[in-house]
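What follows is the residue order along each chain.
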Amino acid sequence: MRASLIQIAVNEGESVESRRRRAAALVREQAGADLVVLPELWTTGAFAFEEFGREAEPLEGPTYETMAKAASDAGVWLHAGSIPERDPEGTLYNTSLVFTPSGDLAAAYRKIHRFGFDKGEAVLMGAGRDLVTVRLPDTTLGLATCYDLRFPELFRGLVDAGAQTLVVPAGWPERRRAHWTLLARARAVEDQAFVLACSTAGTHAGVPQAGHSIVVDPWGEVLAEAGHDEEVLTVDFDPAEVVTTRDQFPALKDRVLGLEPPRR
Ligand SMILES: NC(=O)CCC(=O)C(=O)O
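Residues numbered from 1 in each chain as written. Predicted model: local features only at pLDDT ≥ 70, side-chain atom pairs only at ≥ 80, totals over all residues. Heavy atoms only, no water.

Chemist: In this structure, what is going on with the sheet that holds strand β13 (residues 222-225)? I would like to understand it.
Modeler: Note on sheets: strands pair through backbone hydrogen bonds, and any given pair is parallel or antiparallel. A sheet is described by the order of its strands in space; here 6 strands give the open sequence β6-β7-β8-β9-β12-β13, paired in mixed fashion. Both edges of this open sheet fall to β6 (133-135) and β13, since each of them pairs with a single strand only. Going across the sheet, the axis of each strand differs from the next one's by a mean of 15°, ignoring polarity. Bridge count between strand β12 (residues 214-216) and β13: 3 bridges; the pairing is antiparallel. (Pairing = 2+ DSSP bridges. Helix = DSSP H or I, 4+ residues; strand = E, 2+ residues; numbered from the N terminus. Axes fitted to C-alpha atoms, helices over the stretch in contact; angles between N-to-C directions.)

See below:
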């Protein structure tokens, strides 16, 4: 299976419309890949909080339309990263879109863990509640977004729902790049799954982005890692390795659930 992670640069000098056109062109260039992945909130930038309300779209808005067409033009499964979605009641969500090679929507995932503590995304956006998996011909994707990477229980939920390839679009800052790489590898090792983690390049809202999109195999080995700037990271992997790893080192079967809290 071939996956291409588009580590697009999100800089303030470029309009959302220009970046949307550029992202679509980059997706079309990946014809021949099985799966193409874009990062989190690449239209606005994940830290450009003031843009969320201004650039929010209905689910089937301009980014949806452009990406559906790009997926069908390229004939690829497309995880189109996430958009600031405005639902019919006016609530904003950080929503990922996955399209089939025919350009139909296969899944939408609203980010569950919002970043920012008492500001930014955490106060501007609503939280998703639903785990989302997507069945591809050769693997099952489990969807998560950026800050979700810090919450292993979400990923265990995805594994329990059948996920074998964990896809994590992000707008991760350079300041915490070491966490990004460490957590991507940790999720791969503990869940015995492929991790495809696609971040942004560039600088927006004064926050330099980490880049360093990364693909990790179920043994925790890094199959490919991008540099700091915009690039397309392409990797070939065998999704069946999830099954062999889980068979040969069946640690997931040793999970003990429902432990008692300490007695005082
Ligand atoms: N957009 C995000 O979720 C940023 C997450 C982050 O910076 C971190 O977890 O650290």
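Having seen it, we continue.
Chemist: Just to check I follow, could you spell out the UniProt feature "domain: CN hydrolase" (unreviewed entry) in the protein chain for this structure?
Modeler: Residues annotated by UniProt as "domain: CN hydrolase" (unreviewed entry) correspond here to residues 1-239. Annotated as 26% helix and 28% strand, the span residues 1-239 places its first and last C-alpha atoms 7 Å apart. (UniProt positions renumbered as here; feature names shortened; annotations may be inferred.)

Chemist: Sorry if this is basic, but what is going on with the pairing of strand β5 (residues 105-110) here?
Modeler: The side chains of a regular strand alternate between both faces of the sheet. Across 5 bridges, the pairing between strand β4 (residues 92-99) and β5 is antiparallel. Its bridge partner being in β5, V98 is matched across the sheet by A107. In sequence, β4 turns back onto β5 through a hairpin of 5 residues, with G103 there showing a positive phi of about 90°.

Chemist: How do you make sense of the pattern of salt bridges when you look at a structure like this?
Modeler: Side-chain pairs of opposite charge can arise whenever the charged atoms involved come near each other. This structure, assessed with the given rule, holds 17 salt bridges. One salt bridge in this structure joins D73 and K69, with 3.0 Å as the shortest N-O distance. Residue D73 and its partner K69 are both found in helix α3 (residues 62-74); the two are separated by 4 residues, about one turn of the helix. Under the relative-accessibility criterion, D73 is labelled partly exposed at 41%. Taking the shortest distance from any N to any O, the salt bridge between E121 and K111 comes out at 2.9 Å. Here the residue E121 occupies a position in helix α4 (residues 121-124), and K111 occupies one in the loop between β5 and α4, the gap between them amounting to 10 residues. Judged by its relative accessible area of 3%, E121 is buried. Among the residues examined, K111 registers a relative accessible area of 2% and is labelled buried. A cluster of three or more residues bridged by salt bridges with shared partners is formed by E14, R19, R22 and E230. (Salt bridge = Lys/Arg side-chain N within 4 Å of Asp/Glu carboxyl O. Buried < 20%, exposed > 50% of the residue type's maximum accessible area, 1.4 Å probe, protein only.)

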